[in-house]
Amino acid sequence: MTAAAPGPRTNMGQPVPRYDAAAKVTGRATYASDMPLDNPAYAFLVTSAIAKGRIDRFELDDAKRVRGVIEIVTHENAPKLKESKLYSNGGYAGTTIQPLKSAEIAHDGQIIAVVVAESYEAAREAANRVKVSYSAATPSATFDSPGTTTAAAKGQNSQFKEDPKVGDFAKAFDAAEVKLTASYETPTQHHNPLELFTTSCTWMGDNLVIYEGSQYVHGLKNGVAEQLGIDADNVRVVNPYVGGGFGSRGSMTPRTAIIAAMARRLNRPIKLVPTRDQGFTITTHRAETRHKIKLGASRDGRLAALRHEGAEVSSRADAYCVGGTKTTTRLYACPNVDSLVSIVRADRNTPGFMRSPPEVPYLFALESALDELAVELNMDPVELRRINDATRDPIDGKPYTSRSLMACFDEAAKAFGWSQRSPQPKSMSDGDWLIGYGCAATCYPTLVGPSAARVRLQRDGRTRVEIAGHEIGTGAYTVIAQTAAERLGVPLEKVAVFMGDSDLPPAPVAGGSNSTASTCSAVMMVCDQIRQRLFKALMPSDSLADKAKETVGISPAPSTQAAKGDRSLDIEKAFDALGVGVVEEYGEWKPEGAPLDSFRAMHSGQVRLIGGHQMKDQIAYAFGAEFVEVRVNRFTHEIRCPRLVGAYAAGRIMNPRTARSQLMGGLIWGMSSALLEATEIDERNARYVNDNLADYLVPVNADVPGVEVILLSEENDRINPVGVKGLGELGNVGTNAAICNAVYHATGQRIRRLPVRLEDIEL
């Protein structure tokens, strides 16, 4: 068998079908709830009915009378766990609020008891019979609630290290010919992945196996070991498929170590499948935010001053924030910039990562303000962005590795028909429907982290790739298989990929759109190590071996390697020369500029992502432009969005088919965040009201009749070996602003608070 040499890299891989498509549509794909356990017990959670106060007593007799009840665990008899730091402060936990630790209540829906029974039904019945007496205090729910505290984020959260600024904003704003000041708000939102937040734990002697949907199996493994006070080598996390994550499964949950400790105490496997409404409080969410934007510009549209103040709601216990000003202050050329991010503490559960955590709320404010400025200037919104396009980061002066923002605007505008737009508000209609066109920029930092991989190549070309990456529905199996097939020159159907198991070589968290860049870089490196061994076997002389190193080494960019000549390889002859039937290599890869402790951190489940504006001599972002059509009924005020068009440039696209699916889903989610999604809060009791999929609104097919995704050609060899910028979190950024900009164009009414509902429209 002859392995074809990897050809010159293009910016588009092959649009092959998903590696796991058949498994998913036939039910062979196994999720956490599907994992078979030997004689399991079943757990059901009891959660707090108040948001602040303490538990006075439990009445458990009625619950214990339910046939099949094994144990009811409260703070009075719960296993003791060790503390764990917050994920964003260098720890593993999504919250430091530890359930069953004391009688104190920190938020509504906090876990206060766990019922374990012989069946799920018995556990649920008993949990519903648990009676709790509380001493309740008045909670602080959100912005403007009495009792909240506000402080600058800098100094509270170790991941938020700067309030970007440059020049003299105050002086430049005062002198600006055109000034704009506007405030914006975004609501609490919840992830609601289809897969519920299942945890199953089983002990085999001193070894614990956890079956749980996770976006970071090595982080979960190490975090639970820390809480239980055991060696991390004795913990294994298994989840080959994740039924949606969107950030909700990126950090250790407050439930996992509890279930593990109870399983150890009972010496029996325990399965927990929380309800949909419990998922609103036992996991994280997107925090509500407020923004104040000040823009100063000259009459020709050039920005002279920009200030972005953002505020985010977090819990009393944890200073979590996303701090999106690190992006908004760098998106456009402006010589005078100021910013400030604050954290508001309330009696709520701790927020966490939700798809495009900083960019979705913060770019809503900036891109809405840019549209308002365009109106003030009587200028086309696209041209305003063109005038302020930047080739360098305005804060630090570093050049972008590549920036195709205006190319995206041009392609999307052409496909959308932007030139047919009549700029005057309320000037376009179709019968009873007012028509509005809107646009906005989207961007997301290019991040990458250390990763390891093991690859085995057999004489007949069959290949096995092992990496503890995560298939959260984005196509990770597919692009990893494509990378191995391309680098080894074997047929794709001969590549088997194994992921989602902490016993495999570690990979970074599946978040920050880093997974493809990180895992594929590691797999590429290890495959090249295999090719090098095989070349050496065929060319044993020093000169030929040196030639082989030069030809298949990983240091040069692949396009450079291709120019150096033929790299075809006769695998069977190479195996004959080696005298073996299998070649296996293991390797650990880290990006240039990664911290010295990256490999140690990788094995201990700690995140070391780099990129975006944090690079030493350059800045790396993926970019896009999104255009929407909105229709507003002049009598009923119904809002419809019949068309969404997005054009994106994100370095090399490994698989256009899976990339298009991700971006299409992102556009739809962006529309949803503008018109539908909001977690309603009872401010008197700091409780979530619509904690179900009947009342928490998400789009259906009828809401999105037309979605078009355009992938632009872009090559960038300076960001990582595969040239990938990442796009999983690119598609839903800016869409909410584009929708509101279109609503203004249709109605003449500027709405600055999300979501936009028909009762907000005044005609």
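Source: prediction; values computed, not measured.

Student: For the overall build of the chain, give the residues involved together with the corresponding values.
Tutor: Across its full length, the chain carries 18 helices and 30 strands. Against the compact-globule benchmark of 27 Å for 763 residues, the chain has a radius of gyration of 27 Å, which places it among compact chains. The principal-axis extents of the C-alpha atoms in the chain amount to approximately 80 × 75 × 50 Å. Split into buried and exposed, the 763 residues of the chain put 62% on the buried side. Restricting to contacts in the chain with at least 6 residues of sequence separation, those with at least 24 account for 82%. Here the chain displays about 27900 Å² of accessible surface, and carbon together with sulfur accounts for 48% of that area. The averaged location of the 89 negative side-chain charges in the chain is 2 Å from the averaged location of its 86 positive side-chain charges.

Student: I'd love a proper account of the sheet that holds strand β18 (residues 433–445), names of residues and values included.
Tutor: Hydrogen bonding along the main chain pairs the strands of a sheet, whether they run parallel or antiparallel. Here 5 strands make up an open sheet; going across it, the order is β17-β18-β26-β27-β30 and the pairing mixed. Single-partner strands in this sheet number two, and they are β17 (429–430) and β30 (707–711). In the sheet, strand β27 (residues 639–649) pairs with β30 via 5 bridges, with the strands oriented parallel. Bridge pairing in β30 places Leu644 opposite Val707.

Student: Tell me what's going on with the sheet that holds strand β5 (residues 104–105), and back it up with residues and numbers.
Tutor: What the 3 strands build is an open sheet, ordered β5-β3-β7; its pairing is antiparallel. Two strands lie at the open edges of the sheet, namely β5 and β7 (131–136), each paired on one side alone. Pairing of strand β3 (residues 53–59) with β5 involves 2 bridges; the strand directions are antiparallel. Bridge pairing links Arg54 to Glu104 in β5.

Student: How would you summarise the packing of helix α17 (residues 656–675) against helix α18 (residues 735–747) if you had to cite specific residues and measurements?
Tutor: It is at 7 Å that the axes of α17 and α18 come closest, and there the two elements cross at 55 degrees. Here α17 is positioned oblique relative to α18, judged by the angle of their axes. Both α17 and α18 take part in a crossing whose hand is right-handed. Only Thr735, Asn736 and Ile739 of α18 make contact with α17, whose side of the interface consists of Leu667, Gly670, Met671, Ser673, Ala674 and Leu675. Residue composition of the contact of α17 with α18, grouped by class: 5 nonpolar, 4 polar and no charged.

Student: Report on the packing of helix α8 (residues 359–377) against α18, specifying residues and quantitative values.
Tutor: Packing of α8 against α18 brings their axes to within 8 Å, and their N-to-C directions diverge by 30 degrees. In this view, α8 runs roughly parallel relative to α18, as classed from their interaxial angle. In this structure, the crossing between α8 and α18 has a hand that is right-handed. Between α8 and α18, the contacting residues are Val360, Leu363, Phe364, Glu367, Ser368, Asp371 and Val375 on the first element and Asn736, Ala737, Cys740, Asn741 and Tyr744 on the second.

Student: Break down the environment of Thr275 for me, citing the residues and quoting the values.
Tutor: Relative to the elements of secondary structure, Thr275 occurs in the loop between β13 (270–272) and β14 (289–297). Taking the C-alpha atoms as reference, Thr275 lies 8.2 Å from Phe197; in sequence the two are 78 residues apart. Those residues in contact with Thr275 that lie beyond four places of it in its chain are Phe44, Tyr120 and Leu196.

Student: Explain unusual backbone geometry to me, using residue names and the numbers behind them.
Tutor: Across the junction of Leu754 and Pro755, the peptide omega takes the value -10 degrees, indicating a cis bond. Inspection of the secondary structure assignment puts Pro755 in the segment after α18. Notably, Phe246 is not glycine yet its phi reads approximately 60 degrees, a positive angle. Its location among the elements puts Phe246 in the loop between β12 (235–238) and α6 (256–266).

Student: Before we move on, can you summarise the packing of aromatic side chains with the specific residues and values?
Tutor: The final tally for this structure, using the stated rule, is 17 aromatic pairs. A centroid spacing of 5.7 Å and a plane angle of 65 degrees characterise the contact between Tyr400 and Phe623, whose relative ring orientation is edge-to-face. Here the residue Tyr400 occupies a position in the loop between α9 (381–387) and α10 (405–416), and Phe623 occupies one in strand β26 (residues 621–633), the gap between them amounting to 223 residues. The burial state of Tyr400 is the same as that of Phe623; both residues are buried. Members of the aromatic cluster, joined through ring pairs, are Phe409, Phe416, Trp418, Tyr437 and Phe627. The positively charged end of Arg750 is found above the aromatic ring belonging to Tyr744, 4.1 Å away from the centroid.

Student: Could you give an account of the pattern of salt bridges, with specific residues and numbers?
Tutor: Under the definition given, this model contains 51 salt bridges. For Arg330, the salt bridge identified is with Asp393, shortest N-O distance 3.1 Å. Of this pair, Arg330 sits in the loop between α7 (325–328) and β16 (337–346) while Asp393 is found in the loop between α9 and α10, placing the two residues 63 residues apart along the sequence. Residue classification places Asp393 among the buried residues on the basis of a relative accessible area of 1%. The residue Glu680 makes a salt bridge to Arg757 at a minimum N-O spacing of 3.8 Å.

Student: Any chance you could break down α6 for me, citing the residues and the numbers?
Tutor: Buried residues dominate α6, accounting for 8 of its 11 residues. Looking at α6, one finds that the buried residues are Thr256, Ala257, Ile258, Ile259, Ala260, Ala261, Met262 and Ala263.

Student: Which residues make up the nonpolar core, and what values do they have?
Tutor: If you look at the biggest cluster of nonpolar residues, it comprises 89 residues, and the most contacted ones within it are Leu295, Leu373, Phe409, Phe627, Leu675 and Ile739. If one sorts the elements of this core by residue count, α8 sits on top with 10 residues.

Student: Give me the lowdown on the environment of Gly646, citing residues and values where you can.
Tutor: With respect to the element layout, Gly646 can be found in strand β27. Measuring from C-alpha to C-alpha, the distance between Gly646 and Ala413 comes to 9.1 Å, with 233 residues separating the pair along the chain. Beyond its immediate sequence surroundings of up to four residues, Gly646 is in contact with Ala625, Glu626, Leu667, Glu708, Val709 and Ile710.

Student: Quick rundown of the side chain of Lys725? Include the residues and the values.
Tutor: Relative to the elements of secondary structure, Lys725 occurs in the loop between β30 and α18. Engagement of the side chain of Lys725 in a polar contact is seen with the side chain of Ser402, the distance being 2.7 Å.

Student: Which residues make up helix α5 (residues 217–228), and what are the values?
Tutor: Within an α-helix, residues lying three or four positions from one another point in the same direction, as the helix has 3.6 residues per turn. Helix length check: α5 (12 residues) gives 16 Å between terminal C-alpha atoms against 16 Å at 1.5 Å per residue, within 8%. Most of α5 is tucked away, with 11 of its 12 residues classed as buried. Considering only its buried residues, α5 is in contact with β10 (199–204), β11 (207–212), β12, α6 and α16 (598–603). Phi turns positive, to about 75 degrees, at Gly229, one or two residues after α5.

Student: Give a description of the side chain of Ser604 that names residues and reports values.
Tutor: Here Ser604 is to be found in the loop between α16 and β25 (610–611). Here Ser604 is in contact with Tyr92 and Asn222, once residues within four sequence places are set aside.

Student: Explain the confidence of the model for the chain residue by residue, including any values.
Tutor: Close inspection of predicted coordinates is inappropriate for parts of the model with low pLDDT. Looking at the chain as a whole, its pLDDT mean stands at 94, while 95% of the residues score no less than 70. Taken as a whole, residues 1–9 scores under 50 in pLDDT and shows 38 contacts with residues more than four places along the chain or in a different chain. The low-confidence segment residues 547–566, where pLDDT is below 50, has 32 contacts with residues more than four positions distant or belonging to other chains.

Student: So what about the state of the cysteines? Which residues, and what values?
Tutor: In this structure the tally under the stated criterion is 0 disulfides. Among the cysteines around Cys641, which has no disulfide bond, Cys740 carries the closest sulfur, lying 11 Å off. By relative accessible area, which is 4% here, Cys641 ends up buried.

Reading the values: the criteria
- Residues numbered from 1 in each chain as written.
- Predicted model: local features only at pLDDT ≥ 70, side-chain atom pairs only at ≥ 80, totals over all residues.
- Heavy atoms only, no water.
- Helix = DSSP H or I, 4+ residues; strand = E, 2+ residues; numbered from the N terminus.
- Rg over C-alpha atoms; globule rule 2.2 N^0.38 Å.
- Buried < 20%, exposed > 50% of the residue type's maximum accessible area, 1.4 Å probe, protein only.
- Contact = heavy atoms within 4.5 Å.
- Areas by Shrake-Rupley, 256 points an atom, 1.4 Å probe, with all protein chains shown as cover.
- Lys, Arg positive; Asp, Glu negative; His and termini not counted.
- Charge placed at Lys NZ, Arg CZ, Asp CG, Glu CD.
- Pairing = 2+ DSSP bridges.
- Axes fitted to C-alpha atoms, helices over the stretch in contact; angles between N-to-C directions.
- Parallel < 35°, antiparallel > 145°, perpendicular 65-115°, else oblique.
- Left-handed = near helix turned anticlockwise from the far one by under 90°.
- Nonpolar A, V, L, I, M, F, W, Y, C, P; charged D, E, K, R; others polar.
- Phe/Tyr/Trp six-rings, centres within 6.5 Å; stacked < 30°, edge-to-face > 60°.
- Lys NZ or Arg CZ within 6 Å of the ring centre and 35° of its normal.
- Salt bridge = Lys/Arg side-chain N within 4 Å of Asp/Glu carboxyl O.
- Core = buried A, V, L, I, M, F, W, Y, C linked by side-chain atoms within 4.5 Å.
- Polar contact = N/O pair within 3.5 Å; in protein donor to acceptor, adjacent residues only side chain to side chain.
- Expected span 1.5 Å × (residues − 1).
- pLDDT = per-residue confidence, 0-100.
- Disulfide = S-S within 2.5 Å.

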